[in-house]
Amino acid sequence: MFRDPNDSVTPQADLHSRHAPAERHSAAPAGAPVRCYDDAIDVARQIAPDTPLFCICESALERQFAIFRDGFPGQVTYAVKANPSPQVIAALVRSGIEAFDVASPAEMALVREASPDAVLHYHNPVKSRAEIAEALKTFDVRHFAIDDDAELGKFAELADDPSRIELAIRFRGAANRAVCDFSTKFGASPRDAANLLKRASELGFGTALTFHAGSQCLDPRAYAENIELAAGICRAAGITIGRLNVGGGFPVDFPGQPVPSLQEFFDVIAGSATGAFGDNVPELVCEPGRAMVAPTASLL
């Protein structure tokens, strides 16, 4: 990973002008010291690698997090699966992030090493009973996502105190405007989502809604459409939710594929939430993954 010369150096690797190098993920054991290099050319000269080096610029990661922190109208979490490097997690914790979207107990353990008190959102909608039990008892996870009756039944069976658990009902999004459509992967229909929301509330769980606009979403209107859909689900269920997680999907400006600025997405989300929910706007949450780390990483 690149790193400024005055930064403290963490285990494993880093590359950043006047910054330090990123070794292969398997190259350095936990706790190994990191050598510092002037720049990528210096790394290439000194290491003369036979295989590619994956590099992360920590200061760029800090700047990218600041864009989300200062622009998004709610809580910003990081989707660990996008890049589960310990250096990325540690850098985000140093930048002030307080919550992470995790997809497995292994990711929970990774985050806990860097931030014992971080809030964990286990928003993979399909989980075994063993995974749910481990999340509850070992990692004190209190935020989960579900999208069908079978998953709700698991929580009804395993939760000692439903009032301490938030279940976010994941609903199938509106018309796809993303490069990768997630609507066929997860998500209940709006009608089923309303029924799940109502039953979860009747069982004593805290309730929320969540959606995913699709990976590399190119049109901010997708978020507006899904937020309006969420408000309709709440009306159909007769439930006032505490939080609405708008997922990830924020785009990255790849070569040859210019995209709207992140602020355009944030503005649409804020305005749509007010328009759709009126005086009962839920707390908004997002879980960027690729959009958080892609601009900060490169392959040498």
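Residues numbered from 1 in each chain as written. Predicted model: local features only at pLDDT ≥ 70, side-chain atom pairs only at ≥ 80, totals over all residues. Heavy atoms only, no water.

On a regular strand, each side chain points to the face opposite its neighbour's, so the side chains alternate between the two faces of the sheet. Most of strand β7 (residues 166-170) sits inside the fold, with five of its five residues counted as buried. In β7, alternate side chains face the same way, and those of Glu-166, Ala-168 and Arg-170 on one face and Leu-167 and Ile-169 on the other are all buried. In this structure, strand β6 (residues 143-146) lies alongside β7, joined through four bridges in parallel fashion. Of the residues in β7, the one forming a bridge with Ala-145 is Ala-168. The pairing of β7 with strand β9 (residues 206-210) spans five bridges and is parallel. (Buried < 20%, exposed > 50% of the residue type's maximum accessible area, 1.4 Å probe, protein only. Helix = DSSP H or I, 4+ residues; strand = E, 2+ residues; numbered from the N terminus. Pairing = 2+ DSSP bridges.)

Before going further, it helps to spend a moment on the nonpolar core. Counting residues in each nonpolar core, the largest one holds 72 residues, and the members touching the most others are Tyr-78, Phe-100, Leu-209, Leu-244, Val-246 and Phe-250. With residues near it in sequence (within four places) discarded, Phe-250 still touches Phe-68, Gln-216, Tyr-223, Leu-262, Phe-265, Phe-266, Ile-269, Cys-286, Pro-288 and Ala-291. (Core = buried A, V, L, I, M, F, W, Y, C linked by side-chain atoms within 4.5 Å. Contact = heavy atoms within 4.5 Å.)

What follows deals with the pattern of salt bridges. Where charged atoms from two side chains of opposite charge come close, those side chains can pair. Tallied over the entire structure, the rule returns eleven salt bridges. Across the pair Arg-69 and Asp-70 runs a salt bridge, and its minimum N-O distance is 2.9 Å. On the accessibility criterion, Asp-70 (60% relative accessible area) is exposed. Measuring nitrogen to oxygen at the nearest pair gives 3.3 Å for the salt bridge that ties Glu-283 to Arg-243. Taken together, the positions of Glu-283 in strand β12 (residues 283-286) and Arg-243 in strand β11 (residues 243-245) put the pair 40 residues apart, joining distant regions of the chain. In this structure Arg-243 comes out as buried when scored by relative accessible area, which is 12%. Three or more residues are tied together by salt bridges with common partners; here these are Asp-140, Arg-142 and Arg-164. (Salt bridge = Lys/Arg side-chain N within 4 Å of Asp/Glu carboxyl O.)

This structure, assessed with the given rule, holds eleven aromatic pairs. Pairing Phe-68 with Phe-250 gives two aromatic rings, centres 5.5 Å apart and planes at 75°, and the pair type is edge-to-face. One end of the pair, Phe-68, is in helix α2 (residues 58-71); the other, Phe-250, is in the loop between β11 and α9 (262-277), with 182 residues separating them in the sequence. Take Phe-68 and Phe-250: they sit in the same class, and that class is buried. Taking 6.1 Å as the distance between ring centres and 80° as the angle between the ring planes, the aromatic pair formed by Phe-250 and Phe-265 counts as edge-to-face. (Phe/Tyr/Trp six-rings, centres within 6.5 Å; stacked < 30°, edge-to-face > 60°.)

Before going further, it helps to examine the sheet that holds β11. Taking strand neighbours across the sheet as the criterion, the nine strands line up as β2-β12-β11-β9-β7-β6-β5-β4-β3 in an open arrangement whose pairing is parallel. The sheet is open, and its two edges are formed by β2 (75-76) and β3 (78-79), each paired on a single side. Inspection of the sheet shows strand β5 (residues 119-122) paired to β6 by two bridges, in the parallel sense. Within β6, the residue paired with His-121 across the bridge is His-143. Sheet strands touched by helix α7 (residues 190-202): β7 and β9. Its angle to β9, the strand with the most contacts, is close to 160°. (Axes fitted to C-alpha atoms, helices over the stretch in contact; angles between N-to-C directions.)

Another aspect to go through is the side chain of His-143. With respect to the helices, strands and loops of the structure, His-143 is situated in strand β6. Its relative accessible area of 18% is what places His-143 among the buried residues. At a separation of 3.1 Å, a polar atom in the side chain of His-143 contacts the side chain of Glu-166. Beyond its immediate sequence surroundings of up to four residues, His-143 is in contact with Val-119, Leu-120, His-121, Tyr-122, His-123, Glu-166 and Arg-243. (Polar contact = N/O pair within 3.5 Å; in protein donor to acceptor, adjacent residues only side chain to side chain.)

The residue Gly-289 is located in the loop between β12 and α10 (290-293) in this model. Taking relative accessible area as the criterion, Gly-289 reaches 10% and is therefore assigned buried. Residues in contact with Gly-289, not counting those within four places in the same chain, are Tyr-78, Ala-79 and Ala-82.

This brings us to the environment of Glu-107. Structurally, Glu-107 can be placed in helix α4 (residues 105-114). On the basis of relative accessibility, which here comes to 13%, the residue Glu-107 falls in the buried class. In sequence terms Glu-107 and Lys-81 are 26 residues apart; their C-alpha atoms lie 7.7 Å from each other. The residues touching Glu-107, leaving out its near neighbours within four places in the chain, are Val-80, Lys-81, Asp-101 and Val-102. Within the local environment of Glu-107, its side chain forms a polar contact with the backbone nitrogen of Ala-103, the two atoms lying 2.8 Å apart.

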